[in-house]
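Chain residues, written in single-letter form:
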Amino acid sequence: YQRRVHGGNDTQSDFLKNYSNVGIPMDIAKLGVCFTVIGAFPLNLFAFRNSFDTLVSHKWTTWKSSYKKHLIMNIINVPLVILIALVLPSSNALGIVLDYNGAIFGTSIVFTFPGLALNYCHARTWEKLVGRFLVAWGICLAVMGFIVTTITI
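Residues numbered from 1 in each chain as written. Predicted model: local features only at pLDDT ≥ 70, side-chain atom pairs only at ≥ 80, totals over all residues. Heavy atoms only, no water.

A. The arrangement of the overall build of the chain in detail. Within the chain one finds 5 helices and 0 strands. Going through the 153 residues of the chain one by one, you find that 19% of them count as buried. Of the contacts made within the chain by residues no fewer than 6 positions apart, 48% connect residues no fewer than 24 positions apart. Accessible surface computed for the chain: about 10,900 Å², of which carbon and sulfur atoms make up 72%. (Helix = DSSP H or I, 4+ residues; strand = E, 2+ residues; numbered from the N terminus. Buried < 20%, exposed > 50% of the residue type's maximum accessible area, 1.4 Å probe, protein only. Contact = heavy atoms within 4.5 Å. Areas by Shrake-Rupley, 256 points an atom, 1.4 Å probe, with all protein chains shown as cover.)

B. Here's a closer look at the confidence of the model for the chain. Confidence along the chain averages 76 in pLDDT terms, with 78% of residues attaining 70 or more. Within the chain, the lowest mean pLDDT, 46, falls on helix α1 (residues 2-5), and the highest, 89, falls on helix α5 (residues 125-151). Segment residues 1-6 is flagged for pLDDT under 50; beyond a separation of four residues in sequence, or across chains, it makes 12 contacts in the model. (pLDDT = per-residue confidence, 0-100.)

C. Structural context of a nonpolar patch on the surface. A cluster of nonpolar side chains, namely Ile 104, Phe 105, Ile 139, Val 143, Phe 146, Ile 147 and Ile 151, defines an oily patch on the protein surface of about 640 Å² accessible area. The set of elements that each furnish at least two residues to the nonpolar patch consists of α4 (93-121) and α5. Relative to the helices and strands, Ile 151 is located in helix α5. Look at Ile 151 and you get exposed, because its relative accessible area is 65%. (Patch = residues over 30% accessible without salt bridge, like charges linked within 9 Å, V, L, I, M, F, W, Y side chains within 5 Å. Salt bridge = Lys/Arg side-chain N within 4 Å of Asp/Glu carboxyl O.)

D. Inspection of α5 at higher detail. Taking 1.5 Å per residue as the helical rise, α5 with its 27 residues ought to reach 39 Å, and the 39 Å between its terminal C-alpha atoms agrees with that figure. Every buried residue of α5 is listed here: Glu 127, Gly 131, Leu 134, Val 135, Gly 138, Ala 142 and Thr 149. (Expected span 1.5 Å × (residues − 1).)

E. View of the packing of aromatic side chains. With the rule as written, the count across this model stands at 2 aromatic pairs. Centroid distance Tyr 100 to Phe 146: 5.0 Å. Interplanar angle 45°. Geometry classified as tilted. Here the residue Tyr 100 occupies a position in helix α4, and Phe 146 occupies one in helix α5, the gap between them amounting to 46 residues. Accessibility expressed as a relative area gives 17% for Tyr 100, which makes it buried. (Phe/Tyr/Trp six-rings, centres within 6.5 Å; stacked < 30°, edge-to-face > 60°.)

F. Representation of the side chain of Thr 107 within the structure. Topologically, Thr 107 is positioned in helix α4. With relative accessibility at 10%, the residue Thr 107 sits in the buried group. A polar contact of 2.8 Å, which involves the side chain of Thr 107, links it to the backbone oxygen of Ala 103. Not counting the four nearest positions on each side in its chain, Thr 107 is found in contact with Gly 102, Thr 112, Gly 138, Leu 141 and Ala 142. (Polar contact = N/O pair within 3.5 Å; in protein donor to acceptor, adjacent residues only side chain to side chain.)

Below, the structure written as structure tokens:
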């Protein structure tokens, strides 16, 4: 955030590079962050998969959540994220992937998916209006985040 908005060019998007590389406490901290990221990825993927299943099963009644469909989604999503990180020709490829991930999927989970759920699951007019506003706001934020990340690469 500091580097993008306030122009702090000395701040790197991989925040672990901002700290000293010397010392056992720093090594322990870096190891802790690695375990946190490794543990958070499946949790985020579970939330995405669960939201996708809920929205799709509500719209198409023939869609049934199953282990096979979850496995296929994992087989598609995980290599796709890794491929994007490998293809980017930058020494900061991980930071760029995380920036795009936050811009697109973060706004989807926070604004777009709940807005779609409000729009499809409730019959009251004002709830549908709130849902449509959340969807539109989430799309606007995702587009702005995508543009800002692309400009600052």
